[in-house]
Amino acid sequence: MRGIIYRIVALVSVTCIILISASYADTSEGEKLFKTTCVACHTIGKGRLVGPDLKDVHTRKPEDWQIKWIRNSTEVINSGDEYGRKLFEEFNKVMMPANNFTDDQIKSILSYIKAEGEKAATAQTTPVPSGETPSGTEIKSDKYQFYLLAGILTVLIILFLILRNVVQTLAVLAARKKGLPVPETLPLGKDIMRWVSGHKRIVALVIIILFAFGSGKAWYWMLEIGVEQGYEPAQPIQYSHKIHAGDNGIQCVYCHFGAEKSKTAGIPPALVCMNCHKYIKTGKQTGTTEIAKIYAALDYNPDKGTYGNNPKPIEWVRVHNLPDLAYFNHSQHVTVGKIACQTCHGPVQTMEVMRQEKTLTMGWCVDCHRKTEVALAENPYYKKLHEVLAQRLNKNTFTVEDMGGTDCVKCHY
Amino acid sequence: MKKYWKSIDELRDTPEIQKLKENEFAELLPVHSVIENQAENGIASSRRDFLKLMGFSLSAAALSACEAPVVKSIPYLVKPEEIIPGVANWYASNYFDGTDYCPILIKTREGRPIKIEGNKDSKITGGAINARVQASLLSLYDTGRYKEPLKNGQPATWDECDREIAEKLSSISARGGNIRIVTSSLASPSAKKIIGEFIQRYSVQQAGDELTAGAEPDSAAAAMTQKFPANNVKHIVYDAVSCSAIIRANEKFFGKTVIPSYRFDKAETIVSIGADFLANWISSIEYAQQYGKNKRQIKHFQYEAALTLTGCNADARIPVKPSQYGNILLGIYNIIAKETGAPVLSVNPVEFSGKIEKSAMSLLGSKGKSLVVCGTNNIAHQIITNAINQLLGNYGNTIDLNNPDLTRQNDDSSMQEFITELKNGKIDAALFWNVNPVYSHPDGKDIENGLKNTGLTVSFALSPDETSSAIQYVCPDNHFLESWNDASPKPAHYGLCQPVISPLYKTRQFQESFLKWMGSNSDYYSYIRNYWKENIFPQQNKTVLFETFWKKALHDGIVEPESLILSNTALPVVETNNVLVEESVGKISGASEKSGRFEIVFYQKTATGNGSHANNPWLQELPDPVSKVCWDNYLTMSPKQMEELGLNMRQGQEEVADVVELTVSGNKVRVPVFPLPGQTYGTVGLAVGYGRTVSGKVGKGIGVNAYPLLRLEDGAMQYESADASVSVSVGKYNLASTQVHHTMMGRNIVRETTLEEYSKNPKAGNEETVIAMHGGEKLPPALVNMWKDHEKNDQWWNLSIDLSACIGCGACTISCQVENNLPVVGKDEINRSRDMQWLRIDRYFSSDEKDGDLDKMEIPSDAENLQVSFQPVMCQHCNHAPCETVCPVAATTHSTDGLNMMAYNRCVGTRYCANNCPYKVRRFNWFEYDKYSKFKDINPAQDDMGRMTLNPDVVVRSRGVMEKCTMCYQRIQDGKLKAKREGRPLKDGEIATACEAVCPTHAITFGNALDESSRVAKLKPDDRKYTLLDELDTQPSVFYLTKVRNV
């Protein structure tokens, strides 16, 4: 019963994650700009980071001032603006980098901040959704089932032994009562053997069933070889995706910038970490120990703010390993297919330690290619293909497979 | 009961026997080595233990295979701005190694150069490239390279070498000693300037002066050397294969010490006397590209002894002896002189069944649009060639003396002078850059001995060679991919070379070494930048800021005028020219055939050239386009002559070539003989560039060195000799050839026609194939097949190969090899027909016999009217693929875009597909070429450095799987993805297969046949289009266009 409850909880959480990721994919320009530019230093309603918390920022200063400030804060400060200077002093004299956004772009960022701030305010009054159930739920329920079964089996064996004893005792008593010769009580092993020799057909049937069951199990076990689902290696730095991608809402591609342009998403260079950690020197969970490892790698002196000349690269343990024989391109899926990262990587924003969520087997890839419908109409590249497919297959929605997405050569060459 | 016993002891049952009986085997199994410790402790291990151990280790291996290895991922700490891991960057640069010049683009991945292709913006080469330039990539990653400076063979530091060399140079200079700088031809204007400054610095006149480097402009340096002709510091330009006679002839004839620019694209008639201008003669990459531009309009006559690549492509090839070259030129001259009213020379007429007359009339017919070139290094020949071209009015039209080719400056006589001085101990210091005279000069031995007695010897060699091994200081140069450089192949044409990788070893550019030794602290980058600022920037007026100009030059790799200016200035007829011509007649008439002797020509192979690339396994394995032999040089001889000499003419794994003793002017070498139809009867040919004694692990000891057989005549190195003799067979030697059948056996494989017939009927030579049915009716194959057609979407990748344009150079084969991580398998495997190149170029000699006698079909026609055809063959991507139906595991199937796919990891290696393939384009991995020790010395993928050339987008196949051309699917994917990301339709030409990208004559066209606007779709309905073996109706996606000859 409890297994079922856990399953329901897991299902709900996965649904929530899908809903969350779906809302991630739906981005307005302001949100996109905010998440690619501002999010490294600012939060909306989650406290100050490098720069101030931007919740209700629209109430602090008039919009034209904000536009000037966002575009080039240095100019504003140098013009002798008192509020600007105060902010600059308050936030450790860290200058916000200038940019060349248009007025409309800045306005869209501001309206996004406003909207997000209001959302956060309402969210505080409503209970937190169940997306925060502990990770690894399914694995735990599996274990639970195993103990349950083992328990039941033990009880049954004990029951069997007791009943056997009772039956034997009763048989002896009955024989004595009837004055018949007392039947010989056989030891357990011999007793079983006698039963077996008396029921050859049943035994054969059981053996066949067991063999078939065993072979099936073995087959599936073999299919699991090389499948590293759930792989959760310890990393040289206890980096938490939950804090960065979940709590702070940093876009995946802010660090994994390769995903939009390259076949590999890439692990960010340590200098990307320094965009924020030049200022954020203490972590929420691990204090200074883990952030110090970034500094050590770059040979950075946080007190003086200088880089030395003895950097040592960080040896991360790769979590998602596709074999070399398979070609996979992130940009095809992220930029062209507009697939959310979570589809293949799971709810990364909830993971303290990065984990391989999916099987990454060929079957898993092909399965998705068979099911996923492609938005052909959105990309002019597919214009002719769309026409040809509509005519050839006489339907309106097309899967990746319809376009040749399950050809061997698409991934193997 | 009877008792059987083996020995008396056993019969007696001694205690020893008792003990032995307990053990099953009289001797223990050799498991001690497996469990040595136990054996040492006196524990006897039984077979059971052994099996236990075996079983354990097997299961351990199986279990450990289940556990995925931990893969480390190490990102950049500080990522270079331009690098995105997984995305290739292309950089523009230029290649010049003293022989081949071409502007190039270099593909790098994560900072590693992995491929070189031509720069299509170049007005000189138009993106053409050859096999050698592409393969030069591998020499960057050669583990045999010099890794640090050496002093007397021992590792030294740069500081030590710099100090000692500078000191020695100063002291030599102070006492007026002779310093010689020997380099190959230079194309770099700034390097020329540095050498000029160096000469100035160490000349007697300037000794002791505090001259700062870079202060004097180029002209001043030149003026200085002009002013004091008896200078003690000299720059000697030495090329292994020389063309100094052209320079000398032009000096005498026009007063210009230059090699002109030839315009093969402007010519309608080309007559070449022994010039292999498509593969090896001067700027062959440029010429091949020009030749390919309008090949069908060109009428090309080739007079030559050994069959060259150029000869194979000629419309009329006339096999002649080298001693006849001069008389042929005179014959042509006289006919033209007679027609144009110039004085006729009195010579004995030569006759080649009217061919000379025909050539001369054709030249006259296209006056001003014709071109006569002569490949010999004979000044008299070149003077007559000049005279013919002048009579034809070709100067200013097809030959440009005012915009000369600046890539050759060598002078054989000054090199000879240097050798004499060296022998006499008059040289105090000798510096060698990019030359290897100990190997490539006939007096190599003298040079080697002379160097031992020279006070200071310095070599800038990249990797060990014969010369650098005999030298005190080796100051290794950077590889060109690690260097800054510039080039000026023609006046007002500049190329800028940039490094695409930091130096891998402790090497330094030779220009920088020169700067150091002149006491300059400037690095070469600043020097070159300054040079460009002062000399090249002012030549243009488009950009105002130098910084912008410099960046654009770096980006483009070239700075060229808007269009190629052809200087039309008419050349004055010089009075003395007639005297020169008369003189030359005398010289030519003096040279005559020697009876009873062979004549020999020394040529360069298309792949290996002059031997500087000998250590390059890609080039060694690239079959020679003409003979199809790789990994060797050999004596080429006409089959008729071989029959007379009783030499073996069959080639194959079991058929071993005969070795003969070749004697040229008293020098003897032993060399195998290869039958080559087209070789003039009475002549033999031998390739230079082999027989290296010091040249890395690959190049050492391949073939024989032909350079010692050369001789100097009239101050120019001669590549022909009339004084050769060939002995009878003195041994056997195995030659490896990728093609052992040389004719089409009467089949319609290469379809060809003549221009005349083609203009009458565009389908000439391309008759429709029909299949006779049992009822007597004849149907096209497409109507009698049992296949269902594959459904297509919007893409169907097709490849068109124009056999008229293909010159058979092999650039595509190397490009494919580099792009698709093809292994190098070595001579032994080639001999077993296990070559791994996905793209082969079949070469067919025409056979006179059309049908009937099979034996006669096998023999190519005799030399007189020999015709050669080239046909690149890769996987034809059949839409009715015979391979797909026989694969038991469905490893090879058909894709929706019309390609025949090959899933390596599904393949179990039955090789049924290869058996069923009518085109024989499938290659089987017999070994793990990247691991197996047999290929240790030849396959570059065996070491960590060589592996850097591997294309990360293509897998390296393992043992036991079949592989073949994928039509560069990685490039298709890349091109498609780019268009998808940008949200636009795919453009035709955006995706190029590796073979198409490098073809100098644009014979290969790739594209989407379902896109009506694509080039390939437009070629498909062409009347010349046919598919290979179309009677089988395999419906290939690769199609060919009939070869049209202008005979």
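Attention here is on the structure that accompanies the text. What you see is a predicted model; the values in this text were computed from it and never measured.

**Focus: the interface of chain B and chain A**
So, point 1. Taken together, the contact between chain B and chain A spans 51 residues of the former and 54 residues of the latter.
So, point 2. The contact between chain B and chain A buries some 4,400 Å² in all, and 62% of this surface belongs to carbon and sulfur atoms.
So, point 3. When the buried area of chain B at its contact with chain A is split by residue, Leu 77, Asn 793 and Lys 980 of chain B rank highest and sum to 16% of it.
So, point 4. In this structure, the connection of chain B to chain A is made through three salt bridges.
So, point 5. Salt-bridge contacts for Asp 953 of chain B lead to Lys 263 of chain A; the nearest nitrogen and oxygen are separated by 2.7 Å.
So, point 6. In this structure, the connection of chain B to chain A is made through 19 residue pairs in polar contact (both at pLDDT 80 or more).
So, point 7. Among the secondary structure elements, those contributing two or more residues to the side of chain B that touches chain A are strand E1 (72-73), strand E39 (900-902) and helix H31 (969-982) of chain B.
So, point 8. With eight residues, H31 of chain B is the largest single contributor of residues to the side of chain B that touches chain A.
So, point 9. Of the residues in the side of chain B that touches chain A, the class split is 25 nonpolar, 12 polar and 14 charged.

**Describing the packing of helix H7 (residues 189-202) of chain B against helix H19 (residues 524-536) of chain B**
Residues and elements named next belong to chain B.
So, point 1. In the contact formed by H7 and H19, the axes pass within 10 Å of each other and the chain directions differ by 105°. As far as their axial angle goes, H19 and H7 are roughly perpendicular. Residue-level inspection shows Pro 189, Ser 190, Ala 191, Lys 193, Ile 194 and Glu 197 of H7 in contact with H19, the latter providing Tyr 524, Tyr 527, Ile 528 and Tyr 531.
So, point 2. Among the residues making up the contact of H7 with H19, the classes are represented as seven nonpolar, one polar and two charged.

**Digging into the packing of helix H6 (residues 158-174) of chain B against helix H18 (residues 510-517) of chain B**
Residues and elements named next belong to chain B.
So, point 1. Following both chains from N to C, one finds H6 and H18 inclined at 60°, their axes separated by 9 Å at the closest point. Accordingly, the angle class assigned to the pair H6 and H18 is oblique. For the crossing formed where H6 meets H18, the hand is right-handed. For the pair H6 and H18, the contacting residues are Trp 158, Asp 162, Ile 165 and Leu 169 in the first and Ser 513, Lys 516 and Trp 517 in the second.
So, point 2. Here the residues of the contact of H6 with H18 sort into four nonpolar, one polar and two charged.

**Structural notes on helix H5 (residues 82-90) of chain A**
Residues and elements named next belong to chain A.
So, point 1. The set of residues buried in H5 consists of Gly 84, Leu 87 and Phe 88. Down the axis of H5, the sector holding all buried residues measures 100°, keeping them to one side. Among the exposed residues of H5, those pointing more than 90 degrees away from its buried face are Glu 82 and Lys 86.
So, point 2. Turning to H5, the residues buried within the fold contact helix H3 (63-71) and helix H4 (73-78).

**Examining empty space enclosed by the protein**
Residues and elements named next belong to chain B.
So, point 1. If you walk through the whole model with that rule in mind, you get 18 cavities of 30 Å³ or more.
So, point 2. Reported here for the second largest cavity is a volume of approximately 170 Å³.
So, point 3. Around the second largest cavity, the lining is made up of 18 residues, and of these Asn 821, Leu 822, Pro 823, Ala 941 and Leu 950 lie nearest the centre.
So, point 4. Among the residues forming the lining of the second largest cavity, the class breakdown is nine nonpolar, six polar and three charged.

**Notes on the pattern of salt bridges**
So, point 1. In the structure shown here, the tally under the stated rule is 67 salt bridges over all chains.
So, point 2. For Glu 268 of chain B, the salt bridge is made with Lys 369 of chain B, and the minimal N-O distance between the two is 3.8 Å. Remark: Lys 369 of chain B occurs in the loop between helix H13 (355-365) and strand E13 (370-374) and Glu 268 of chain B occurs in the loop between strand E9 (259-262) and strand E10 (269-273); sequence separation between them is 101 residues.
So, point 3. The closest approach of N and O atoms between Glu 752 of chain B and Arg 1045 of chain B, which form a salt bridge, is 2.7 Å. Here Arg 1045 of chain B lies in strand E45 (residues 1043-1045) and Glu 752 of chain B lies in strand E32 (residues 752-754), a separation of 293 residues in the sequence.
So, point 4. A relative accessible area of 25% means that Glu 752 of chain B is categorised as partly exposed.
So, point 5. Here Arg 1045 of chain B falls in the buried class, since its relative accessible area comes to 5%.
So, point 6. Beyond isolated ion pairs, a larger network of salt bridges with shared partners links Lys 263 of chain A together with Arg 109, Glu 110, Arg 112 and Asp 953 of chain B.

Quick notes on the rules
Residues numbered from 1 in each chain as written. Chains lettered and ligands numbered in written order. Predicted model: local features only at pLDDT ≥ 70, side-chain atom pairs only at ≥ 80, totals over all residues. Heavy atoms only, no water. Contact = heavy atoms within 4.5 Å. Buried area = accessible area lost by both parts, 1.4 Å probe. Salt bridge = Lys/Arg side-chain N within 4 Å of Asp/Glu carboxyl O. Polar contact = N/O pair within 3.5 Å; in protein donor to acceptor, adjacent residues only side chain to side chain. Helix = DSSP H or I, 4+ residues; strand = E, 2+ residues; numbered from the N terminus. Nonpolar A, V, L, I, M, F, W, Y, C, P; charged D, E, K, R; others polar. Axes fitted to C-alpha atoms, helices over the stretch in contact; angles between N-to-C directions. Parallel < 35°, antiparallel > 145°, perpendicular 65-115°, else oblique. Left-handed = near helix turned anticlockwise from the far one by under 90°. Buried < 20%, exposed > 50% of the residue type's maximum accessible area, 1.4 Å probe, protein only. Arc of directions from axis to C-beta. 1 Å grid on protein atoms, 1.4 Å probe; cavity = no way out; pocket = protein on both sides within 12 Å on 5 of 7 lines; lining within 4 Å. Points joined across faces, edges and corners; volume = space filled by probe spheres on them.

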